[in-house]
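Geometric and topological summary
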Amino acid sequence: MLFCLSCSAGAYATGGASACTGCAAGTFSTGAGVSVCTQCDAGSWTESGASSCQACMRGSFSTGGSSSCTSCAAGSYCSGIGLSSWGTRCSYGTFSTGGATSCTFCIQGSYGASTG
């Protein structure tokens, strides 16, 4: 071969490699010619072979290097985008299902005796 080729965004190659390797899920590379992929920050995720990470949507969160976002647990809510923790517990007299962006007040004739 007369020359070496650079890997495209979303892939990497170590010295002496004969081919590019796609970045693993939860990692990315933004430019050509990189030798290592970068881990996604907490609050974001990506599939394999990515050139950037995506922020977790409302109702979910992720830790660093994630291949997906996790729905906030029932009894809590995640109102922001790109959250890195499970969210906020619902207060007395309210409730939520998993993946909620807010808590709902208990209807008349019912009550919430605990938080979360």
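Predicted model only: the values in this text are computed from it and were never measured.

1. What to know about the state of the cysteines
- What the rule picks out here adds up to 6 disulfides.
- Sulfur-sulfur distance for the disulfide between Cys 72 and Cys 78 comes to 1.4 Å. Between Cys 72 and Cys 78 the disulfide shows an S-S torsion of about -90°. By sign, it is left-handed.
- If you count the bonded cysteines of the protein chain from the N-terminus, they pair up as 1-2, 3-4, 5-6, 7-8, 9-10, 11-12.
- Counting only cysteine sulfurs, Cys 90 is the nearest neighbor of Cys 106, a cysteine outside any disulfide, at a range of 9.3 Å.

2. Thoughts on the side chain of Ser 60
- Within the secondary structure layout, Ser 60 lies in strand S7 (residues 60–61).
- Its relative accessible area of 10% is what places Ser 60 among the buried residues.
- Reaching out from Ser 60, the side chain makes a polar contact with the backbone oxygen of Met 57 at a distance of 2.8 Å.
- Residue contacts for Ser 60: discarding those within four places in its chain leaves Cys 69, Thr 70, Ser 71, Cys 72, Cys 78 and Leu 83.

3. Quick notes on the side chain of Thr 94
- Its place among the elements puts Thr 94 in strand S11 (residues 94–95).
- With a relative accessible area of 10%, Thr 94 lands in the buried category.
- At a separation of 2.6 Å, a polar atom in the side chain of Thr 94 contacts the main-chain carbonyl oxygen of Ser 91.
- Look past the residues within four positions of Thr 94 in its chain and what remains in contact with it is Cys 103, Thr 104, Phe 105 and Cys 106.

4. Concerning the environment of Thr 104
- Topologically, Thr 104 is positioned in strand S12 (residues 104–105).
- Under the relative-accessibility criterion, Thr 104 is labelled partly exposed at 41%.
- Placed 11 residues apart in sequence, Thr 104 and Gly 93 show a C-alpha to C-alpha distance of 8.5 Å.
- Excluding anything up to four places from it in sequence, Thr 104 contacts Gly 93, Thr 94 and Phe 95.

Criteria and thresholds
Residues numbered from 1 in each chain as written. Predicted model: local features only at pLDDT ≥ 70, side-chain atom pairs only at ≥ 80, totals over all residues. Heavy atoms only, no water. Disulfide = S-S within 2.5 Å. Helix = DSSP H or I, 4+ residues; strand = E, 2+ residues; numbered from the N terminus. Buried < 20%, exposed > 50% of the residue type's maximum accessible area, 1.4 Å probe, protein only. Polar contact = N/O pair within 3.5 Å; in protein donor to acceptor, adjacent residues only side chain to side chain. Contact = heavy atoms within 4.5 Å.

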